[in-house]
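Below, each chain spelled out in residue letters.
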Amino acid sequence: MASILAYERHLPPLPHFSPSTSIASLTFAPLYLSLPLLADLLRTTSRRLISATKKRSVSTMANEEENVKQKLSKLFEVALKVTVPSVVDVEPLVAACTGKFGDYQCNNAMGLWSKIKGKETEFKGPPAVGQAIMRNLPQSDIIESCSVAGPGFVNVKLSRNWMAQSIQRMLIDGIDAWAPRLPVRRAVVDFSSPNIAKEMHVGHLRSTIIGDTIARMLEFSRVEVLRRNHVGDWGTQFGMLIEFLFEKFSNWEDANEAAIGDLQEFYKESKKRFDSDPDFKERAQKAVVRLQGGEQKYRKAWTQICEISRNEFNRVYQRLGVQLEEKGESFYNPYIPAVLEELTSKNLVEDSQGARVIFLEGFNIPLIVVKSDGGYNYASTDLAAIWYRLNEEKAEWMIYVTDVGQQQHFDMVFKAAKRAGWLSTDDNAYPKASHVGFGLVLGDDKKRFRTRSSEVVRLADLLDEAKSRCKTTLIERGKGDEWTEEELEQTAEAIGYGAVKYADLKSNRLTNYTFSFDQMLNDKGNTAVYLQYAHARICSIIRKSGKDIEELKSMGAIVLDHADERALGLHLLQFSEVVEEACTNLLPNVLCEYLYNLSEFFTTFYSNCQVVGSAEETSRLLLCEATATVMRKCFYLLGIIPVYKI
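Treat the numbers as computed from the prediction; the structure is a model and nothing was measured.

Taken together, the five strands give an open sheet; going across it, the order is 7-6-5-11-12, and neighbouring strands pair in parallel fashion. Whereas interior strands pair on both sides, the edge strands pair on one side only; in this sheet they are strand 7 (325–326) and strand 12 (432–438). As defined by bridge partners, strand 6 (residues 224–229) adjoins strand 7 across two bridges and the pair is classed as parallel. By the bridge assignment for strand 7, Asn229 is matched with Glu326. In the packing of helix 7 (residues 203–220) onto the sheet, contacts are made with strand 5 (186–190), strand 6, strand 11 (397–403) and strand 12, and the angle to strand 6 comes to roughly 165 degrees.

Core analysis: the biggest nonpolar cluster contains 159 residues, and Leu72, Leu218, Leu462, Phe515, Phe575 and Val630 have the highest contact counts within it. Looking at which element gives the most residues to this core, the answer is helix 26 (residues 617–637), with eleven residues. In this view, Leu72 contacts Val94, Tyr104, Ile142, Ile143, Val156 and Leu158; residues no more than four positions away in its chain are not counted. Of all hydrophobic cores here, the second largest spans 35 residues; its members include Ile336, Ala384, Met398 and Tyr400.

Bringing helix 4 (residues 109–116) into the picture now. Helical periodicity: at 3.6 residues per turn, an α-helix aligns residues three or four positions apart in one direction. Along helix 4, the residues classified as buried are Ala109, Leu112, Trp113 and Ile116. Buried residues of helix 4 fall within an arc of 105 degrees about the axis and therefore sit on the same side. Gly118 sits one or two positions beyond helix 4 and adopts a positive phi of about 90 degrees.

With an omega of 0 degrees, the peptide bond running from Tyr430 to Pro431 counts as cis. Despite not being glycine, Asn347 has its phi angle at roughly 60 degrees, a positive value. Position of Asn347 relative to the elements: it lies in the loop between helix 14 (336–345) and strand 8 (350–352). Located in the positive-phi region is Lys446, a residue other than glycine, with phi close to 65 degrees.

A few words on helix 11 (residues 278–292). Relative to the 21 Å expected for 15 residues at 1.5 Å per residue, helix 11 spans 22 Å between its end C-alpha atoms, a close match to the ideal helical length. Looking only at helix 11, the buried set comprises Phe280, Ala284, Ala287, Val288 and Leu291. For helix 11, the angular spread of the buried residues around the axis is 105 degrees, confining them to a single face. Among the exposed residues of helix 11, those pointing more than 90 degrees away from its buried face are Pro278, Asp279 and Val289.

Structurally, Asn526 can be placed in the loop between helix 20 (517–520) and helix 21 (528–545). In contact with Asn526, not counting residues within four places along its chain, are Tyr502, Lys506, Leu531 and Tyr596. Within the local environment of Asn526, its side chain forms a polar contact with the side chain of Tyr502, the two groups lying 2.5 Å apart.

Reading the values: the criteria
- Each chain has its residues counted from 1, running along the sequence as written.
- Given that the model is predicted, a residue must reach a pLDDT of at least 70 before its local features are reported, and side-chain atom pairs must reach 80 or more before they are shown or counted; all residues, however, enter totals for whole chains, interfaces and linings.
- Remark: hydrogens and water are excluded; side-chain values derive from all non-hydrogen atoms of the structure.
- Only when DSSP finds a minimum of two bridges between them are two strands counted as paired.
- Working definition: helices are DSSP H or I runs of at least four residues, strands are E runs of at least two. Numbering for both runs from the N terminus.
- Between two residues, a contact is recorded if the distance between any of their heavy atoms is within 4.5 Å.
- Between N-to-C directions, angles cover 0 to 180 degrees, with each direction set by a line fitted to C-alpha atoms, over the stretch in contact for helices.
- Here, nonpolar core means buried Ala, Val, Leu, Ile, Met, Phe, Trp, Tyr and Cys residues that are tied together by side-chain atoms lying within 4.5 Å of each other.
- For the exposure calls, accessible area comes from a 1.4 Å probe over protein chains only, and a residue counts as buried if that area is under 20% of its type's maximum, exposed if over 50%, partly exposed in between.
- Directions pointing from the helix axis toward each C-beta atom define the arc.
- To estimate how far a helix should reach, multiply one less than its number of residues by 1.5 Å.
- Nitrogen and oxygen atoms within 3.5 Å of one another constitute a polar contact, given that in protein one can donate a hydrogen and the other can accept it, and given that sequence-neighbouring residues count only through two side-chain atoms.

In structure tokens:
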């Protein structure tokens, strides 16, 4: 790692940083206004005042919290109604574009032409429809110019003044003013979900990281998120664990975490006894019956084992900065009989070969909800969980983050819930359930990532390795002599854990990805380390200017006269719609791509636009601050702690 980033010594403890923390709060240099700075402030403020006196139009009277795409869609909605009043319920097709003709594009002309072609109409083709749509756009201070290209594509170029003012407002009001608004109030995100008595391994990494990021993006979008950890805390394996606990410890009630030791080894030992000793196996099977029957001794032993395992999970979650509320399989168990009774009353459940099943169209196997031995299974538990989340927790959207191998299971469970009338049959309507599948974590050999002894990689060991590598590099660079041990530890954790998270999140979750410390800790290319470096560089620019950013926010104004200033400003303004897209499609990699592109836009801007000491210093420092603010929010949504100084 060619460069390592460090926190400023005077920063407060890392967990208390807000993503919207301004650079001004990190510096204490007084501001003495020079004559050139005063002149710059007067010039930019004058422009802002002149712009503010312009007549307010349709767009400025709209909700200021709408993103650019939403604002333009409203304008085009008006234009479409005027252009083709005979065609009702036309949804504006507005999208950002990368062409030289504009910033956004409305693509309705061809679709409208197919509907009105052959009827009495004044138009002679899609280009004419596009021209009419453009003419009928309401006057708006959002738009600088429009043009029509090809088969009626209406290209829109945004107003520089409006763009600058919008970014300025964000700096004053805070980044939360750019939070998207989703058509859902409460969602359940079901993620991580390890099994009790088994350690979290690399297989739990993707569910935990992806689920946390989805929850963070939804929370930022003003959705109330119920973060649920559906741990595997019920089932036949607890019989052998309980019996082994009784056998190994005469005073089993006093057997704490220290006494039991490695719970994973405890599980392996009990499984070995279960497979090799018929008497032990019989006792274990009876223990399951007693546990499920509610016998106090067995319930207490079960609780004891769960608590030890839970403590191990929580240590990993704390390191990753992940918040979860546990509601495991056992929680939903009491609801299963009533749920199955309701499904049976709706004629969904049938008897088949001694089991009770639900036959579903489109699947060649039934969904088994009661096994032939009378026991419940994953399907019965998941149906009970859906019922509970809809009726008791009042969730509108349930999101399940598991590997792609469970796709069919959830497809069948969701379809059964739709047949029961619990979920909407329209996938775009609420209440609904979504499965967020993800691929495997692979090693260099393109097989499942494992240790050299073919064991699964423990998640705690993986995090230790990431932190250790970063700490070693920091010490090699002399930071061990400059920083306290606490600063060294915190910086190594921030870089190491952030690198692991970003390497996972930047890829489309449906694909497998190869785990490589060398790649993820590289400071070049699309890595968290590179992005941390980019953020620290922006912070350094602002610090070295000696200016008080908070004062500049209130006295100065942003101007986007240079092409690279404008390109950076446009990308900043698209942050809200990118988060909305990532939420809607449940794809964190969309946000990662935006963040990386933002750093690239800033690099181009900084290469071609002098900041400190230029006539445009105030405006460009504010652009730097806006970029850093958006980057920090992206980091936060990805669960990454930013660093502020190289």
